Amino acid sequence: MQTPNTLYIDIEKIRNLLYDDAGFIKEFTDAASDSFSQFAERYEKYLLERNETEFRKAGHKIKPVALMIGVNEVVEEYEHAKKLLHNNEPDRKLRKSAEKIRNITEHVISELQDLQE
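Asks: Account for the overall build of the chain, naming residues and giving values.
Replies: A count of helical and extended segments in the chain gives five helices and zero strands. Along the chain, from the amino end to the carboxyl end, the secondary structure elements read α-α-α-α-α. Whereas a compact globule of 117 residues would reach a radius of gyration of roughly 13 Å, the chain reaches 15 Å, a difference of no more than 12%. For the C-alpha atoms alone, the extent of the chain along its principal axes is close to 45 × 30 × 15 Å. Expressed as a percentage of the 117 residues in the chain, the buried residues total 35%. Expressed as a percentage of contacts within the chain between residues at least 6 apart in sequence, the contacts between residues at least 24 apart total 72%. Accessible area of the chain: about 7,000 Å², with a carbon and sulfur share of 48%. Each charge class in the chain was averaged separately, 18 positive and 23 negative side chains, and the resulting centres sit 9 Å apart.

Here it is, written out as structure tokens:
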């Protein structure tokens, strides 16, 4: 688990991937921020509805982005939540997972926006 002063994203990896070009970085971070925001909403909605099909679609869409920028915690929690659904765990465990993803994605979005500065 990250502390408030640690980073989720691998900043150097992103800078190298985008040739440290401010325009590319802004475009990428804006798109990634939107993706993480949408993911968090869909994650919570479909997890709490126990809609495995849509939940998996949301996860498969964010996994490549999360792995590319080094946010393994998102992938790990997503995989954990799939097990929660499969095992028909109580709603409180699903809510806890949704809250964890919301917290991670809010932090990631903040880091992505900071990268533009």
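Asks: Quick rundown of the environment of Y43? Include the residues and the values.
Replies: Looking at the secondary structure, you find Y43 in helix 2 (residues 22–49). Not counting chain neighbours up to four residues away, the residues in contact with Y43 comprise F55, E77, Y78, A81, S97, A98 and I101. Here the side chain of Y43 touches S97 through a polar contact of 2.6 Å, side chain to side chain.

Asks: Talk me through the packing of helix 2 against helix 3 (residues 52–68); I want residue IDs and the actual numbers.
Replies: For the pair helix 2 and helix 3, interaxial distance at closest approach is 9 Å and the crossing angle is 150 degrees. The orientation of helix 2 with respect to helix 3, classified from their angle, is roughly antiparallel. Our pair here, helix 2 against helix 3, has a crossing hand that is left-handed. Taken together, the residues of helix 3 that come into contact with helix 2 (itself represented by F28, A32, S35, F36, Q38, F39, R42, Y43, Y46 and L47) are E54, F55, A58, G59, K61, I62, V65, A66 and M68. Classifying every residue of the contact of helix 2 with helix 3 gives 13 nonpolar, three polar and three charged.

Asks: Break down the nonpolar core for me, with residues and values.
Replies: In terms of nonpolar packing, the biggest core is built from 33 residues, with F36, I69, V71, V74 and V108 touching the most fellow members. Within the residue set of this core, elements represented by two or more residues are helix 2, helix 3, helix 4 (72–86) and helix 5 (91–115). With nine residues, the single largest contributor to this core is helix 2. The contacts of V108, once residues within four sequence positions are left out, are Y8, I9, F36, I69 and V71.

Asks: Provide a residue-level description of helix 5, including the pertinent values.
Replies: Over its 25 residues, helix 5 runs 36 Å from end to end, which matches the ideal 36 Å to within 8%, given 1.5 Å per residue. Listed in full, the buried residues belonging to helix 5 are L94, S97, A98, I101, I104, T105, V108, E111, L112 and L115. Taken together, the buried residues of helix 5 touch helix 1 (11–17), helix 2 and helix 4.

How each quantity is defined
Residues numbered from 1 in each chain as written. Predicted model: local features only at pLDDT ≥ 70, side-chain atom pairs only at ≥ 80, totals over all residues. Heavy atoms only, no water. Helix = DSSP H or I, 4+ residues; strand = E, 2+ residues; numbered from the N terminus. Rg over C-alpha atoms; globule rule 2.2 N^0.38 Å. Buried < 20%, exposed > 50% of the residue type's maximum accessible area, 1.4 Å probe, protein only. Contact = heavy atoms within 4.5 Å. Areas by Shrake-Rupley, 256 points an atom, 1.4 Å probe, with all protein chains shown as cover. Lys, Arg positive; Asp, Glu negative; His and termini not counted. Charge placed at Lys NZ, Arg CZ, Asp CG, Glu CD. Polar contact = N/O pair within 3.5 Å; in protein donor to acceptor, adjacent residues only side chain to side chain. Axes fitted to C-alpha atoms, helices over the stretch in contact; angles between N-to-C directions. Parallel < 35°, antiparallel > 145°, perpendicular 65-115°, else oblique. Left-handed = near helix turned anticlockwise from the far one by under 90°. Nonpolar A, V, L, I, M, F, W, Y, C, P; charged D, E, K, R; others polar. Core = buried A, V, L, I, M, F, W, Y, C linked by side-chain atoms within 4.5 Å. Expected span 1.5 Å × (residues − 1).

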